[in-house]
Amino acid sequence: MTRKIDMLPRVKAFIEREHSHFIGGAWTRSVSGETFATLNPATGRELARVASADAGDVDHAVAAAQRAFPAWAAIVPAARERLLFAFADLVERNQEVLAQLESLDNGKPFATAFNVETNVALGQLRYFAGWPTKLTGETYPVSSPGYHVYSRREPLGVCAAITPWNYSLVMAMQKIGPALASGNTLVLKPAEQTPLTALFLAELAAEAGIPAGVLNVVTGFGKSAGRALVTHSDVAKVGFTGSTEVGREILAGAAGNFKRVSLELGGKSPLIIFPDADLDAAADAAFWGIFANSGQNCVAASRLYVHADAYDRVLEAVVARARTVRVRPGMEEGSELGPIISAEQLGRVQHYIEIGRSEGAELVSGGERLGGDLASGYFLQPTIFRDVDDTARIGSEEVFGPVLSVFRFRSEAEVLERANRTKFGLAAAVWTNDLSRAHRMAAALRSGVVWINTYDWFDPSVPFGGIGQSGQGRELGRQVMEMYTELKSVWVKIGVSGEERV
Ligand code: NAI
Ligand code: MG
């Protein structure tokens, strides 16, 4: 028995509206009049049509953000905080609406959209809302007598955010929060697969009293709207989350006016289980580490290394869970995993499954698209390959889907070397009850985050980001506030006490 979750009237009304860009506080059609469809990946059918921005629309949005900048930067910190907290209160009041919109547009289970996505986004917004009154400079103990030197943190100006579809709300908020809290204005371009919640957020921000032009949203494709933002001479910074290939293009495209660039890219994150760990808990973490959000997660634990003494038991537990997990439409009670975002992404993932088979890895679970009443959606079984070769493509390239590669290891030094042999470096995890080994591994693993006896935990106060081809810069925490501000040093000649010239 399956029960559908009823669409809230507000969700239905929003979806049925005309979706234009939100520029300078007003809904604005594309100059070209072009629109594109966003689909519901559970059905493959059109959910809504939204405006498609090109360079001209991006120009308007950047100009609106530029006009709004001086007043927003000058507003006293406590007032900026109040506006951001008012925005957060409206997000909270509309949490169910946002979660349903995200579930419909992205496909993820409503419960996940509500409990994970919107809760995390809200926590981030409130964390950043408190920053305006805490963003301080420093004084410096310079060695020149008679000088007082201090620094000020100042906003950059107009920032651009280019976000992906996998956690649309969280990714948007991770950039809206620090950009606005530090006094910048923003043009946000959500992913073309999931544009709806960003538009809804823009309206809530306006309703909260955030001045026109401070938060603008343009919808459209990467090659047009995205690229126009990246190359725009009046944009001071681009914050991007998405693929490594596009990240590389953005870095090059931003060189024209030396934009600040922060990049959160892909990964092939290892989760390592030693035989002394709590193996049931470790297997559960390994399962959700890869399959949460149907594997469409930048920190997906797509490489599972299990010590030979625990290999069979852990693999059996992970496979058992994969066979019982409920892969169903997101707007259905009890769904644990939703569909893949698009036909294109499904195709990519299926192609990797073919590659895995042809490379000789043993497929022990899944591998097939789901049929029956799910045939028109993009549903895929959780897929597990065992005894994967380290050099196999399936075990070394980012799949970004529900595909796990399992490897066997025998010693700490060996697994460390193998886990680090990757161009990526986003996340890693170690499961062990040996305290010394845990800290040794935490220090030696090459990645931006290491989880010990847990997986996929975040907090707005903890910096997050990758090394190597997983990106540059950090999101969250004090560090992201630094990335959205310039540091200005001020030298004041004050003379030496007792030597004043009167
Ligand atoms: P993508 O990197 O192409 O898209 C992410 C965002 O960048 C979207 O808003 C898109 O419109 C924009 N974009 C695309 N090309 C651009 C360009 N030339 N200039 C400026 N902006 C541009 O990711 P896509 O195509 O959705 O997925 C492809 C692969 O990327 C996935 O298979 C996965 O490996 C990776 N990916 C990683 C994510 C992460 O969280 N690290 C999120 C989404 C995808
Ligand atoms: Mg969609």
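Residues numbered from 1 in each chain as written. Chains lettered and ligands numbered in written order. Predicted model: local features only at pLDDT ≥ 70, side-chain atom pairs only at ≥ 80, totals over all residues. Heavy atoms only, no water.

Novice: What's the story with the coordination of the magnesium ion (ligand 2) in this structure? I'm lost.
Specialist: The reference angle at a metal is 109.5 degrees if four donors form a tetrahedron and 90 or 180 degrees if six donors form an octahedron. The coordination sphere of the magnesium ion (ligand 2) contains the protein donors Thr38 (OG1), Leu39 (O), Asp105 (O), Asp105 (OD) and Gln193 (O), at a distance range of 2.2 to 2.6 Å. Going along the chain, you hit the donors of the magnesium ion (ligand 2) in the pattern T-L-x65-D-x87-Q. A residue pair is termed long-range when its members are at least 10 positions apart, and Asp105 in helix α4 (residues 95–106) and Gln193 in the loop between β8 (185–189) and α7 (196–207) qualify at 88 residues. (Donors = N, O, S within 2.8 Å, 3.2 Å for Na, K, Ca; no water. Helix = DSSP H or I, 4+ residues; strand = E, 2+ residues; numbered from the N terminus.)

Novice: How should I be thinking about the packing of helix α5 (residues 110–129) against helix α6 (residues 168–181) in this particular structure?
Specialist: For any two helices packed against each other, the geometry is given by the interaxial angle and the distance between the axes. With their axes 9 Å apart at the nearest point, α5 and α6 run at an angle of 5° to one another. Classified by the interaxial angle, the pair formed by α5 and α6 is roughly parallel. Contacts between α5 and α6 pair Glu117, Thr118, Val120, Ala121, Gln124, Leu125 and Phe128 from the former with Ser168, Leu169, Val170, Met173, Gln174, Gly177, Pro178 and Ala181 from the latter. (Axes fitted to C-alpha atoms, helices over the stretch in contact; angles between N-to-C directions. Parallel < 35°, antiparallel > 145°, perpendicular 65-115°, else oblique. Contact = heavy atoms within 4.5 Å.)

Novice: I'm lost on the sheet that holds strand β18 (residues 449–452) in this one. Help?
Specialist: Pairing between the strands of a sheet comes from backbone hydrogen bonds, and it takes one of two forms, parallel or antiparallel. Here we have seven strands laid out as an open sheet, ordered β14-β15-β16-β13-β12-β17-β18, and mixed in their pairing. Each edge of the open sheet carries a strand with a single partner, namely β14 (362–365) and β18. Each strand of the sheet is rotated relative to its neighbour by a mean of 25°, with strand direction disregarded. Both β14 and strand β15 (residues 383–386) contribute to a ladder of three bridges, which runs antiparallel. Counterpart to Glu362 in the pairing with β15 is Arg386. Lying over the sheet, helix α11 (residues 311–324) contacts β12 (270–273), β13 (303–307), β14, β15 and β16 (403–409), oriented at roughly 160° with respect to β15. (Pairing = 2+ DSSP bridges.)

Novice: Just checking my understanding: could you explain the site of ligand 1 for this structure?
Specialist: Close to ligand 1 lie 26 residues, the nearest being Trp165, Glu192, Ser243, Arg348 and Glu398. In the environment of ligand 1, a nitrogen atom lies 3.4 Å from a nitrogen or oxygen atom belonging to the backbone of Gly242. A distance of 2.8 Å is found between an oxygen atom of ligand 1 and a side-chain nitrogen or oxygen belonging to Glu398. Against a free-state accessible area of 810 Å², the protein chains account for coverage of 91% of ligand 1. Going through the elements one at a time, α8 (222–231), β10 (237–241), α9 (244–253) and α12 (343–358) are the ones with two or more residues in the shell around ligand 1. It is α8 that contributes the most residues to the shell around ligand 1, three residues altogether. A per-class count over the shell around ligand 1 returns 10 nonpolar, 10 polar and six charged. (Near = heavy atom within 4 Å. Polar contact = N/O pair within 3.5 Å; in protein donor to acceptor, adjacent residues only side chain to side chain. Areas by Shrake-Rupley, 256 points an atom, 1.4 Å probe, with all protein chains shown as cover. Nonpolar A, V, L, I, M, F, W, Y, C, P; charged D, E, K, R; others polar.)

Novice: Honestly, the pairing of strand β11 (residues 260–264) in this entry has me stumped. Any pointers?
Specialist: Regular strands have side chains that alternate between both faces of the sheet. Among the five residues of β11, four are classified as buried, and the element is accordingly described as predominantly covered. By the bridge criterion, five bridges tie β10 to β11 in an arrangement that is parallel. Within β11, the position partnered with Phe240 by the bridge is Leu263. A crossover connection joins β10 to the parallel β11 through α9; in handedness this β-α-β unit is right-handed. One ladder, built from two bridges, connects β11 with strand β19 (residues 471–472); its direction is antiparallel. When the sheet's bridge partners are listed, Glu264 is paired in β19 with Gly471. (Buried < 20%, exposed > 50% of the residue type's maximum accessible area, 1.4 Å probe, protein only. Right-handed = clockwise from strand over helix to strand, strands pointing away.)

Novice: Is there a simple way to think about α7 in this case?
Specialist: Every α-helix winds through 3.6 residues per turn, so residues three or four apart in the chain are directed the same way. With 12 residues, α7 should cover 16 Å at 1.5 Å per step; its first-to-last C-alpha distance of 17 Å lies within 8% of that length. Burial within α7 is extensive, with 10 of its 12 residues counted as buried. Turning to α7, its buried residues are Leu196, Thr197, Ala198, Leu199, Phe200, Leu201, Ala202, Glu203, Leu204 and Ala205. Positive phi appears at Gly209, one or two residues downstream of α7, with a value of about 100°. (Expected span 1.5 Å × (residues − 1).)

Novice: Would you mind going over unusual backbone geometry with me for this structure?
Specialist: Residues other than glycine predominantly adopt negative phi, and peptide bonds predominantly adopt the trans conformation. You will see that Phe400, though not glycine, has its phi angle at about 60°, which is positive. When you line up the elements, Phe400 lands in the loop between β15 and β16. Note on Phe400: relative accessible area 18%, which makes it buried. The phi torsion at Asp456 lies on the positive side, around 65°, for a residue other than glycine. Note that Asp456 resides in the loop between β18 and β19. On the basis of relative accessible area, Asp456 is assigned to the partly exposed category, the value being 27%.

Novice: Can you help me understand the sheet that holds strand β6 (residues 147–155) in this one?
Specialist: Overall, antiparallel pairing links the three strands, which are arranged β5-β6-β20 in an open sheet. With partners counted over all chains shown, the strands left at the sheet margins are β5 (139–140) and β20 (485–493), one partner each. Direction of pairing for β5 relative to β6: antiparallel, over a ladder of two bridges. From the neighbouring strand, Thr139 faces β6, where its bridge partner is Tyr150.

Novice: Quick question: what am I supposed to make of the environment of Ala181 here?
Specialist: Tracing the backbone through its elements, the reader meets Ala181 in helix α6. Since its relative accessible area comes to 0%, Ala181 is described here as buried. Considered as a pair, Ala181 and Gly242 are 61 residues apart in the sequence and their alpha carbons are 23 Å apart.

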